[in-house]
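# A closer look at the structure
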Amino acid sequence: MTTTVPVLIVGGGGAGLSASMILSTLGVESLLVSALPGTSVLPKAHVLGQRTMEIFTEVGVAQAIYERGTPQENLVETGFYAGVRGANPNTGREIGKLEIWGAGNRDPEYIDASPCPTTNLPQIRLEPVLKARAEQLDPGGIRFNHELIALEQDADGVTSTIRDKASGEQYRVRSRYVIAADGGRTVGKLVGIELQGDRNIMDVASVHMTADLSEVLSDDGVLLRWLANPDFGGTMTGGTLCPMGPDHWGTKSEEWVFHIGYPYGDSDAGDRDKVVARMKAVLGLPDLDAEVHAVSKWTMEGILADRFRVGRVFVAGDAAHRHPPTSGLGLNSAVHDVHNLCWKLAQVLAGQAGDGLLDTYEAERRPVVQRNIANSVKCAMDRFRLDAALGISMDKSAEDNWRAIEVIWDPSHPDYAERRDQLNNALAAQSGEFRHHGLEFGFTYSSMAVVDDGSPAPLPIDAVRLYEPSTRPGHPLPHAFVSRAGVRFPLQELTYGGAFVLIAGEDGTAWVDAARKLADSTGIRLVAVTVGADDAELADVRFAWLCKREISRAGAVLVRPDRFVGFRAVGAVEDPLAELSSALERILAVDGFGAGIGA
């Protein structure tokens with residue numbers, strides 16, 4: 001038996017399920033197969049950034065995620081503490097706090113950047129929500145416990161052999177393209193893709209448990225708790241405590257995950273009883289009544305695929321890159337991968353773009369992910385800088401560690417001022433993990449699918465921590481609320497369903513007319529509007545667009561379906577139809593736009 005489908009998705013995690021939902025909203029049929037019997041049984045990744053939630057909003061699953069996720073009041077800070085309970089009177093004392101990822105939607109920059117706040121939902125609960133929505137959008141198109149065992153490419157498509165693991169039956173799937181979102185387990189190896197980078201950074205044991213910690217913890221606004229317990233040497237070896245809900249959050253969370261760092265190869269990391277005993281010791285709660293659901297061991301690494309495309313096969317998510325959990329960019333990057341790829345596949349499958357557009361997937365995503373991995377590795381290493389500022393180490397005795405750390409709370413100590421300065425700087429360095437708005441939200445693309453307008457690349461104030469809105473080609477569309485007939489909505493909604501959007505200034509009707517002519521003559525989805533403070537089709541509600549647009553009243557920007565600017569004209573031009581035609585030819589990798597476009 002052979003099933004024919006335009007796109008085969010291999011893998012049913014965050015990347016695969018997101019790809020299925022996005023393709024469905026773009027009107028592209030797909031089939032998803034996963035070798036696993038169901039969605040994740042481990043909490044794994046949990047932070048969902050603003051751009052990820054924008055994508056989930058477009059596919060109609062964001063509200064369900066917000067309802068199940070951490071309330072904003074419990075998603076404000078991360079805290080560093082000297083353990084939780086213990087004999088030393090300073091055990092559990094606060095070392096410092098940092099705001100995280102928009103501070104529970106209180107940070108003005110985050111509010112200005114997007115209509116979607118960051119949220120937090122562990123993968124064990126996120127994936128069932130994504131799966132339910134994917135099945136709703138594509139009934140019968142999601143098959144778990146179905147394993148890809150072989151794959152052959154030819155000039156016209158890909159033939160994949162799938163085994164139903166429950167029945168043992170094998171069948172073939174004939175597709176134009178394959179998205180490999182299988183964590184690198186099968187497809188990448190079959191097509192010769194290699195993962196390269198920093199391996200074996202350290203081992204981590206994670207304990208998922210149900211336990212009542214409400215009587216021993218404070219600070220309900222804290223999400224992640226880093227326990228720099230002097231009895232155990234430092235922040236990575238002490239442990240990290242994260243609430244998992246599901247019904248209550250903050251200190252009243254019913255479930256928790258506790259992460260413990262070990263030197264790579266330490267056999268204790270794989271010993272369930274030793275890991276649980278160490279967790280209780282680090283917490284200072286030897287009699288903790290905990291129902292342990294799972295103890296998992298994993299190795300921290302920062303690796304990247306040497307290629308994101310081989311013929312008609314594309315890798316995404318963990319099949320293309322694996323990050324340390326520091327900075328929480330792994331799952332978010334996976335969703336961004338498929339958002340970038342799927343609209344391009346849709347254009348090619350519709351016969352409106354050339355194959356060259358698909359080459360821009362690697363050109364755009366790989367450099368972005370490479371920066372994300374570098375930041376995640378750096379953030380992991382910055383933990384040791386914090387330990388050094390605290391004066392604690394695995395090489396010291398517990399008594400020496402306590403003597404060193406207690407200086408930061410003793411103004412009478414002669415080294416107090418110097419040590420506090422060191423601590424403040426070390427804590428500030430951690431902000432690259434918890435406020436990386438430039439990486440998570442403000443990343444930019446450079447490829448053949450972006451038309452350079454000749455403007456100089458801006459020199460960022462801080463490329464990691466700050467997002468600076470711009471309409472320069474390659475930048476994400478800046479957020480602004482607009483209104484029509486009294487209905488207010490985010491400007492980005494115009495791209496939903498795979499549309500290009502031409503946004504002109506108040507006097508840019510020539511651009512709008514040209515765009516509408518192109519849409520009529522080519523069949524491409526191209527929405528065209530004027531937006532401004534006055535005399536425009538869409539009113540700039542709070543003048544945010546006016547502040548960010550960087551074009552004149554007679555200029556225009558062309559936004560791609562993934563909400564990245566593909567072309568910009570600061571002012572009027574002699575022939576807007578020719579300019580737009582040329583821009584779309586470049587972006588879509590075709591010759592003679594509107595005159596016999598083919599895949």
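Everything below is about the structure shown above.
Treat the numbers as computed from the prediction; the structure is a model and nothing was measured. (Residues numbered from 1 in each chain as written. Predicted model: local features only at pLDDT ≥ 70, side-chain atom pairs only at ≥ 80, totals over all residues. Heavy atoms only, no water.)

## Examining the overall build of the protein
- Scanning the protein from terminus to terminus reveals 17 helices and 25 strands.
- Rg of the C-alpha trace for the protein: 25 Å, near the compact-globule value of 25 Å for 599 residues, within the 12% margin.
- Taking the principal axes of its C-alpha atoms as reference, the protein extends roughly 80 × 60 × 40 Å.
- By sequence separation, contacts in the protein at least 24 residues apart represent 73% of the contacts at least 6 residues apart. (Helix = DSSP H or I, 4+ residues; strand = E, 2+ residues; numbered from the N terminus. Rg over C-alpha atoms; globule rule 2.2 N^0.38 Å. Contact = heavy atoms within 4.5 Å.)

## Section: the pattern of salt bridges
- The final tally for this structure, using the stated rule, is 35 salt bridges.
- The residue E135 makes a salt bridge to K131 at a minimum N-O spacing of 2.8 Å. Taken together, the positions of E135 and K131, both in helix α5 (residues 123–137) and four residues apart, correspond to about one turn of that helix.
- Taking relative accessible area as the criterion, K131 reaches 21% and is therefore assigned partly exposed.
- Ionic contacts of the salt-bridge type, sharing partners, join the residues E506, D507, D534, R549 and R553 into one network. (Salt bridge = Lys/Arg side-chain N within 4 Å of Asp/Glu carboxyl O. Buried < 20%, exposed > 50% of the residue type's maximum accessible area, 1.4 Å probe, protein only.)

## Thoughts on the sheet that holds strand β15 (residues 291–305)
- Overall, mixed pairing links the eight strands, which are arranged β5-β4-β12-β13-β14-β11-β15-β18 in an open sheet. Only two strands of the sheet have a single partner each, and these edge strands are β5 (94–99) and β18 (321–322).
- Bridge count for strand β4 (residues 77–81) against strand β12 (residues 222–227) is five bridges, and the pairing is parallel. Bridging across to β12, Y81 finds its partner in L227.
- Where helix α8 (residues 272–283) meets the sheet, it contacts β11 (195–210), β12, β13 (240–245), β14 (255–262) and β15, and its direction lies at approximately 100° from that of β14. (Pairing = 2+ DSSP bridges. Axes fitted to C-alpha atoms, helices over the stretch in contact; angles between N-to-C directions.)

## Considerations on empty space enclosed by the protein
- Counting across every chain of the model gives four cavities of 30 Å³ or more.
- Looking at the largest cavity, its volume works out to about 70 Å³.
- Mapped onto the lining of the largest cavity, the elements with two or more residues apiece are α1 (14–25) and α9 (330–349).
- Broken down by class, the residue content of the lining of the largest cavity amounts to five nonpolar, four polar and two charged.
- Size it by volume and the second largest cavity reaches roughly 50 Å³.
- As for the second largest cavity, its lining consists of V47, G49, W101, Y110, T118, N332, H436 and E440.
- Per-class residue counts for the lining of the second largest cavity are three nonpolar, four polar and one charged. (1 Å grid on protein atoms, 1.4 Å probe; cavity = no way out; pocket = protein on both sides within 12 Å on 5 of 7 lines; lining within 4 Å. Points joined across faces, edges and corners; volume = space filled by probe spheres on them. Nonpolar A, V, L, I, M, F, W, Y, C, P; charged D, E, K, R; others polar.)

## Focus on the nonpolar core
- In this structure, F56, I65, I179, L502 and L526 are the most contacted members of the largest nonpolar core, which totals 99 residues.
- Considering every element that reaches this core, the biggest residue donor is α9, with 10 residues.
- Excluding anything up to four places from it in sequence, F56 contacts S18, M21, L48, V61, A62, I65, L130 and V335.
- Counting residues in each nonpolar core, the second largest holds 27 residues, with L98, L223, C242 and W409 among its members. (Core = buried A, V, L, I, M, F, W, Y, C linked by side-chain atoms within 4.5 Å.)

## What to know about the packing of α1 against α9
- Viewed as axis vectors pointing N to C, α1 and α9 meet at an angle of 30°, and their least axial separation amounts to 9 Å. Regarding α1 and α9, the two cross each other, and that crossing is right-handed. Seen from α1, the contacting residues are G14, A15, S18, A19, I22 and L23; seen from α9, they are L331, A334, V335, V338, H339 and C342.
- Class assignment of the residues belonging to the contact of α1 with α9 gives a composition of nine nonpolar, three polar and no charged. (Left-handed = near helix turned anticlockwise from the far one by under 90°.)

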